[in-house]
Amino acid sequence: SFSEPDVMATRCAFDLGELRWVPQGDVERICLHRAQDTSWRLDLGAAGEVPLSAVRGVSRPGAGGFLTLEVADLGQLGLRCKSEDAAKLFHGELSRRLAEYERFERYDQNSVQGYFQYYGKLPNQQNMLQDTTRTSVYRQAILENPSDFLGASVMDLGAGSGILSFFSAQAGASTVYAVEASSMAEVVRLLADSNAARFPSSRIEVLAKPIELVSPEDVAGKVDVLVSEPIGTFLFNERMIESYLVARDRFLKPGGKMFPNIGDLFIAPFSDAVLHWEYSNKNTFWKCKDFYGLDLTAVAKRCTEEQFRKPVVDYINPECLVSAAQVKRFDFATVPVESLHNIELPFDFEVNQPCLVHGIAGWFDAIFQGSNRTVTLSTAPWCPGTHWYQIRFLLETPLAVNAGQHVEGTLRMEANSMQSYFVRVHMQIKGTSISSESHVVDLKDPEYRFFGQQAGYQPNTGYQQAQAANASATAAQ
């Protein structure tokens, strides 16, 4: 159950002729409420309910008991509260809920600036475009669902180079709103103008701002389809999916389509003695007892802890997995934004061989359930590689497990202001008191081990072929 912040107040409308707020009825209960696993809603009494996403602002002018709200489709409303203290309390609660729903302005501004600078550079867009698995699956999902795109209005969130906008136009969309907050918006405009003859029946509108700042005036009504590639490592890094859900709440028609509409997050225990040895010995330099006359060994422990706080991003040999994976599904059409601030993945794995369990591996599937067909983009270890690779969270102290024993525990993700998550894994051998816990892992600070392990496991994939060809072409210049 949840507490429901409320206030007794009279709704008011602003009379432009008299330049004053005019009461619109009697005193009534105004409250915020939500059920389990749903988003907050604001009950405005006789004026009806609106989702929190429809509330664009709340203010408390002066020190009295009067509040003003800006609500989509209703405009500006006034609330004349029965007491000043109640008005102050409700204003604080509503402001807090709005900030929790829409956290963009609460992110660390250095993180936001770095994020948009990164995606505003063509080499980084090229890296994603040359991920042939990613690009071809998105194109397949869009073009092979003509019932969803032909003549439709589409919003492409985080458009980047605009590739999904152009795929939507190829599928016959009438209007595409390409929402891109980085300087890459200029590239979308350039490509849209230079390719206009290729999409004579489509109009591409570039909105050079974050989705949180897009207003109803920027979009002609709500859209039929929302497309986006909001995915980071382990699905949720960069927290772009929350912006995807904000776009859903504010701009997608009821029953509209989302591409993708489902994210499946997979985890499984792994055993990799080479990887664990490698990380355990990255402190070798700090074990030096005579570095120009200085003993560095006091720092060795800290170095080890720093290494084990880094998630490992590389391709995982499926043979390292010691149990069948478990999955948690996220339905992007219904999942509340607020539920992604703290994510828990409880697990219970039956280990299939005697081994040391060195941690938890993870990957994801993005699923596109269109009207004509369903398409899946998988980043599993046995599938063609992508620029997301897979991810591993290491235990500094591994668990020795026999075949048939179970390891149980929880992987917890806590959202942070750096547009990412802190991750912690607790694992225990079932039926015993033997357990191990990871350090707090910073999902935004990974070790891209693949680049330094040329002899490591590499799936045969078009993405690697494209990267190799691009590297060869660059070297030849």
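All values reported here derive from a predicted model rather than from experimental measurement.

1. As for the overall build of the protein
Along its length, the protein carries eleven helices and 25 strands. Relative to the globule expectation of 23 Å for 477 residues, the C-alpha radius of gyration of the protein, 26 Å, shows essentially globular dimensions. Over its C-alpha atoms, taken along the principal directions, the protein stretches across nearly 80 × 60 × 50 Å. Here the protein holds 477 residues, and 50% of them are scored as buried. At a minimum sequence separation of 6, the contacts of the protein that also span at least 24 residues come to 70%. With the model as given, the accessible surface of the protein reaches about 21700 Å², and the carbon-plus-sulfur share is 51%. Between the mean site of the 43 positive side-chain charges and the mean site of the 56 negative ones, the protein shows a separation of 1 Å.

2. What about the pairing of strand β6 (residues 55-59)?
In terms of strand pairing, β6 meets strand β7 (residues 66-71) through four bridges, oriented antiparallel. Each bridged residue has a counterpart across the sheet, and for Val55 the counterpart in β7 is Val71. Between β6 and β7, which pair antiparallel and follow one another directly, the connecting turn spans six residues, one of which, Gly62, has a positive phi of 75 degrees.

3. Topic: the side chain of Thr68
Note that Thr68 resides in strand β7. A residue is classified by how much of its surface remains accessible, and Thr68, at 10% relative accessible area, is buried. Other than its neighbours up to four places away in sequence, Thr68 contacts Trp21, Gly57, Val58, Ser59, Pro61 and Leu77.

4. Let's talk about helix α10 (residues 300-308)
Burial in α10 covers these residues: Ala300, Cys303, Thr304, Gln307 and Phe308. Mapping the buried residues of α10 onto a view down its axis gives an arc of 130 degrees, with all of them on the same face. Of the exposed residues in α10, those oriented more than 90 degrees away from the buried face are Lys301 and Arg302. Each element contacted by the buried residues of α10 is listed here: α9 (273-280), β20 (390-401), β24 (441-442) and β25 (447-448).

5. Quick look at the side chain of Glu229
Of note, Glu229 is situated in the loop between β12 (223-228) and α8 (240-251). We classify Glu229 as buried; its relative accessible area is 12%. Among the polar contacts made by the side chain of Glu229, one reaches the main-chain amide nitrogen of Ile231 at a distance of 3.0 Å.

6. A closer look at the sheet that holds strand β10 (residues 175-179)
One open sheet accounts for five strands, arranged β11-β10-β9-β12-β13; its pairing is parallel. The open sheet has two edge strands, β11 (203-207) and β13 (252-259), and neither has a second partner. Taken pair by pair, the neighbouring strands of this sheet meet at an average axis angle of 25 degrees, ignoring direction. Of the strand pairs in this sheet, strand β9 (residues 153-157) and β12 are connected by four bridges, and their pairing is parallel. Considered in β12, the bridge of Leu157 is made with Ser228.

7. Section: the pattern of salt bridges
Summed over all chains, the structure comprises 27 salt bridges. Across the pair Arg248 and Asp249 runs a salt bridge whose closest N-O atoms are separated by 2.8 Å. Taking relative accessible area as the criterion, Asp249 reaches 22% and is therefore assigned partly exposed. Between Lys301 and Glu305 there is a salt bridge, with its nearest N and O atoms 2.5 Å apart. On the criterion of helical spacing, the pair formed by Lys301 and Glu305 is a turn pair, its members being four residues apart in helix α10. Ionic contacts of the salt-bridge type, sharing partners, join the residues Asp272, Glu278, Asp314, Arg392 and Arg449 into one network.

So, how was this worked out
- Residues numbered from 1 in each chain as written.
- Predicted model: local features only at pLDDT ≥ 70, side-chain atom pairs only at ≥ 80, totals over all residues.
- Heavy atoms only, no water.
- Helix = DSSP H or I, 4+ residues; strand = E, 2+ residues; numbered from the N terminus.
- Rg over C-alpha atoms; globule rule 2.2 N^0.38 Å.
- Buried < 20%, exposed > 50% of the residue type's maximum accessible area, 1.4 Å probe, protein only.
- Contact = heavy atoms within 4.5 Å.
- Areas by Shrake-Rupley, 256 points an atom, 1.4 Å probe, with all protein chains shown as cover.
- Lys, Arg positive; Asp, Glu negative; His and termini not counted.
- Charge placed at Lys NZ, Arg CZ, Asp CG, Glu CD.
- Pairing = 2+ DSSP bridges.
- Arc of directions from axis to C-beta.
- Polar contact = N/O pair within 3.5 Å; in protein donor to acceptor, adjacent residues only side chain to side chain.
- Axes fitted to C-alpha atoms, helices over the stretch in contact; angles between N-to-C directions.
- Salt bridge = Lys/Arg side-chain N within 4 Å of Asp/Glu carboxyl O.

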